[in-house]
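# Analysis of the macromolecular model
Listed here are the chains, written in short residue letters.
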Amino acid sequence: MTVERTVRLYLGERSRAATTHTNLSAVRADGRMLWVAGDETATIERLVADDPLEPGRYTDETSYRLADLVPLPGADPDEEADIEGLARSGPFLWAVGSHSLRRKQIKAHHDGAKPLKRLARVEGQDNRQILVRLPIAGGEPVPWVDTEAGRQHAAILSGEDNLRNLLRDDPHLAPFVPIPGKDNGLDIEGIAVRGERVYLGLRGPVLRGWAVVLELRPYAGPDAPQRLRLRPFEDGRRYRKHVLALDGLGIRDMCPDGDDLLLLAGPSMDLDGPVRLYRWHHAARAAAPQVVRGDAVRRELDLPYGEGDDHAEGITLVGPPEHRRLLVVYDSPAPSRLPGDGAVLADLVKL
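Residues numbered from 1 in each chain as written. Predicted model: local features only at pLDDT ≥ 70, side-chain atom pairs only at ≥ 80, totals over all residues. Heavy atoms only, no water.

### Let's talk about the packing of aromatic side chains
- Following the criterion strictly, the structure yields three aromatic pairs and no others.
- Measuring from ring centre to ring centre gives 6.2 Å for W35 and Y64, while their planes differ by 50°; the resulting arrangement is tilted. A residue pair is termed long-range when its members are at least 10 positions apart, and W35 in strand β3 (residues 33–38) and Y64 in strand β5 (residues 57–65) qualify at 29 residues. Residues W35 and Y64 agree in their burial class; the two are buried.
- Centroid distance F92 to W94: 6.4 Å. Interplanar angle 75°. Geometry classified as edge-to-face. For the residue pair F92 and W94, the accessibility class agrees, reading buried in each case.
- Above the face of the F92 ring, R133 is positioned so that its terminal group lies 4.1 Å from the ring centre.
- The side chain of R231 reaches across the aromatic face of Y219, ending 4.2 Å from its centre. (Phe/Tyr/Trp six-rings, centres within 6.5 Å; stacked < 30°, edge-to-face > 60°. Helix = DSSP H or I, 4+ residues; strand = E, 2+ residues; numbered from the N terminus. Buried < 20%, exposed > 50% of the residue type's maximum accessible area, 1.4 Å probe, protein only. Lys NZ or Arg CZ within 6 Å of the ring centre and 35° of its normal.)

### Remarks on the sheet that holds strand β20 (residues 240–245)
- Taken together, the five strands give an open sheet; going across it, the order is β15-β16-β17-β20-β24, and neighbouring strands pair in mixed fashion. Every other strand in the sheet has two partners, leaving β15 (187–194) and β24 (291–292) as the edge strands with one partner each. (Pairing = 2+ DSSP bridges.)

### Considerations on the pairing of strand β13 (residues 150–153)
- As paired strands, strand β12 (residues 144–147) and β13 are joined by four bridges and run antiparallel to one another. Residue D146 lies in a different strand from β13, and its bridge partner there is R151.
- Hairpin connection from β12 to β13: two residues lie between these consecutive antiparallel strands.

### Section: the sheet that holds strand β1 (residues 3–10)
- With mixed pairing, eight strands are arranged side by side in an open sheet as β2-β3-β4-β5-β1-β28-β27-β26. For this open sheet the edge positions go to β2 (24–30) and β26 (311–318), each flanked by a neighbour on one side alone. Strand-to-strand twist in this sheet, taken as the mean axis angle between neighbours without regard to direction, amounts to 30°.
- Relative to strand β4 (residues 43–49), β3 runs antiparallel, the two sharing four bridges. Bridge assignment links M33 to a residue of β4, and that residue is V48. (Axes fitted to C-alpha atoms, helices over the stretch in contact; angles between N-to-C directions.)

As structure tokens, this is what we get:
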């Protein structure tokens with residue numbers, strides 16, 4: 001793979017102080033705008049391109065607190081939501097938290113009994129267990145918007161209805177729900193939306209080499225317009241489960257391309273690489289749970305990664321169809337991605 005060029009993303013002082021620029025975990029292009037999120041806050045950021053056809057810089061950041069739009073489940077509304085995926089469809093911007101548990105890390109200064117004690121400590125955060133749908137009006141997320149279909153509210157799937165609870169009885173995924181994400185446990189890291197279908201890509205678990213995608217049909221009813229519910233499929237289940245042959249890798253992000261889904265894939269556990277882009281052909285036409293292999297899924301290209309840094313975490317298509325490029329953002333960027341002018345560098349890649 002050849003990186004065609006880099007693009008500068010300029011986040012404001014507040015976001016840099018929160019280290020969002022070095023913890024980018026999600027991205028989605030929206031015309032001239034670019035939505036991004038980091039995994040250490042409970043906010044979503046909007047940037048604006050200097051040129052919609054050949055963006056070289058994204059600036060003019062505006063930050064939006066999720067708690068100002070939906071009722072977050074955590075006691076602290078600013079506790080991190082670990083947003084790992086963004087999607088844009090119709091009048092809505094969607095965001096999904098990782099839903100993962102985390103195990104405490106051993107750090108260089110820990111000695112004696114402390115390292116093993118930390119490794120035994122597993123914790124979760126309520127704000128991570130969310131799926132959010134935000135109406136967009138005038139380029140901004142708002143509490144509600146009037147559309148041809150009527151008034152649409154910002155809405156959330158959380159609390160007792162969250163996806164972790166839904167999967168506790170799943171024959172494949174239930175054993176991984178109590179396991180931390182970095183240990184091949186449940187870890188949602190990608191979202192794509194086509195019509196009423198919402199696809200969630202799992203970094204973990206990877207099941208005997210098979211990556212997992214969940215398909216949902218969320219809706220908000222008139223009796224509780226701020227709460228998302230899941231419409232059952234024909235078999236009565238509230239989700240479909242697809243498994244994909246991605247060479248043993250889990251899903252780090254997803255991006256629709258017509259009826260196809262582009263899949264950013266990498267290791268499920270705490271490893272640097274490999275990192276690859278796959279194309280799931282005709283994903284949006286799936287009428288039943290699928291085992292996706294062979295010609296149905298194609299490896300498109302390999303992406304760069306560093307040793308302890310430069311972890312590709314988000315992908316989105318930018319530019320018009322005749323001049324389309326893949327924009328890639330990185331978590332833990334290498335020093336070369338921080339040029340010193342307040343920007344962080346993303347890559348533009350030709351498919």
